Amino acid sequence: NVKELHSLIDFAYFNPALSSASGTSQWTEGNPFSGVQSYPYWSSTTYSSYTGGAWNVNLFDGHVYYGYEKTYTYYVWPVRAGK
């Protein structure tokens, strides 16, 4: 959901707004994720005022945006269920 996706953001960095696994430097390929793009990522959270839209998080700067048409093409962040 949008809260989980936004929890990955580190506003100390941009392009992408992610830190390394240690939290002491900016993310680099493979630490801890691979293939990260500095573009918007969809969340699974529908925008309540307009159900044709959803929330997304832009990994370039970490900002959250709402109400974008669900038909737009953005990235997705795959996740797996916890144990």
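None of these values were measured; they are calculated from a predicted model.

A.B. asks: Help me understand the nonpolar core, please; the structure alone is not making it clear to me.
C.D. replies: If you look at soluble globular proteins, the nonpolar side chains tend to sit buried side by side. Listed in full, the 11 residues of the largest apolar core are Val2, Leu5, Ile9, Ala17, Leu18, Trp27, Val36, Tyr41, Val57, Leu59 and Trp77. Look past the residues within four positions of Ala17 in its chain and what remains in contact with it is Leu8, Ile9, Asp10, Leu59, Phe60, Asp61 and Gly62.

A.B. asks: Explain the confidence of the model for the protein here, please?
C.D. replies: Low pLDDT marks regions whose predicted coordinates should not be analysed in detail. Taken as a whole, the protein shows an average pLDDT of 92; of its residues, 98% reach a score of 70 or greater. Element-level pLDDT for the protein is lowest in strand β3 (residues 64-69), with a mean of 90, against a maximum mean of 95 in strand β2 (residues 53-58).

A.B. asks: Help me understand the packing of aromatic side chains, please; the structure alone is not making it clear to me.
C.D. replies: For any two aromatic rings, the description comes down to two numbers: the centre-to-centre distance and the angle of the planes. If you walk through the whole model with that rule in mind, you get 13 aromatic pairs. With 6.0 Å between their ring centres and 25 degrees between their planes, Tyr39 and Tyr75 make a pair best called stacked. A residue pair is termed long-range when its members are at least 10 positions apart, and Tyr39 in the loop between α1 (2-6) and β1 (40-46) and Tyr75 in the segment after β3 qualify at 36 residues. The class for Tyr39 is partly exposed, based on a relative accessible area of 48%. Taking relative accessible area as the criterion, Tyr75 reaches 35% and is therefore assigned partly exposed. When the centroid spacing of 6.2 Å and the interplanar angle of 85 degrees are considered together, the rings of Tyr72 and Tyr74 count as edge-to-face.

A.B. asks: Looking at this structure, I do not really get the layout of surface pockets. What am I missing?
C.D. replies: Which parts of space are left empty comes out when a probe the size of a water molecule is rolled across the atoms. Approximately 240 Å³ is the volume found for the largest pocket. Considering the residues around the largest pocket, the lining is formed by Asn1, Glu4, Leu5, Leu8, Trp42, Ser43, Ser44, Val76, Trp77 and Val79. Here the element with the most residues in the lining of the largest pocket is β1; it accounts for three residues. Partitioning the lining of the largest pocket into residue classes produces six nonpolar, three polar and one charged.

Cut-offs used in this document
Numbers given for residues are sequential positions, taken from 1 along each chain in its written order. Side-chain atom pairs in this predicted model are given and counted only at pLDDT of 80 or more, local residue features only at pLDDT of at least 70, and totals for whole chains, interfaces and linings cover all residues. Note that water and hydrogens are dropped before the side-chain values are worked out from all heavy atoms of the structure. Put simply, a nonpolar core is a bunch of buried Ala, Val, Leu, Ile, Met, Phe, Trp, Tyr and Cys residues held in one set by side-chain atoms that sit within 4.5 Å of each other. Only protein chains enter the accessibility calculation, which uses a 1.4 Å probe; a residue is then buried when its area is under 20% of its type maximum, exposed when over 50%, and partly exposed in between. Should any heavy atoms of two residues lie within 4.5 Å, those residues are considered in contact. pLDDT runs from 0 to 100 and stands for how confident the predictor is about each residue. Helix and strand assignments come from DSSP, with helices taken as H or I runs of at least 4 residues and strands as E runs of at least 2, each series counted from the N terminus. Paired rings are identified among Phe, Tyr and Trp, the last through its six-membered ring, by centres lying within 6.5 Å, and are further divided according to the angle between planes into stacked (under 30 degrees), edge-to-face (over 60) and tilted (the rest). Every definition here rests on a 1 Å grid over the protein atoms only: cavities are sets of points where a 1.4 Å probe fits but cannot get out, pockets are open sets enclosed by protein on both sides within 12 Å along at least five of seven lines, and lining residues have some atom within 4 Å of a point. Grid points are joined across faces, edges and corners, and a volume is the space filled by probe spheres set on the points. Note that Gly is not counted as nonpolar here; it falls among the polar residues with everything else outside the nonpolar set of Ala, Val, Leu, Ile, Met, Phe, Trp, Tyr, Cys and Pro and the charged set of Asp, Glu, Lys and Arg.

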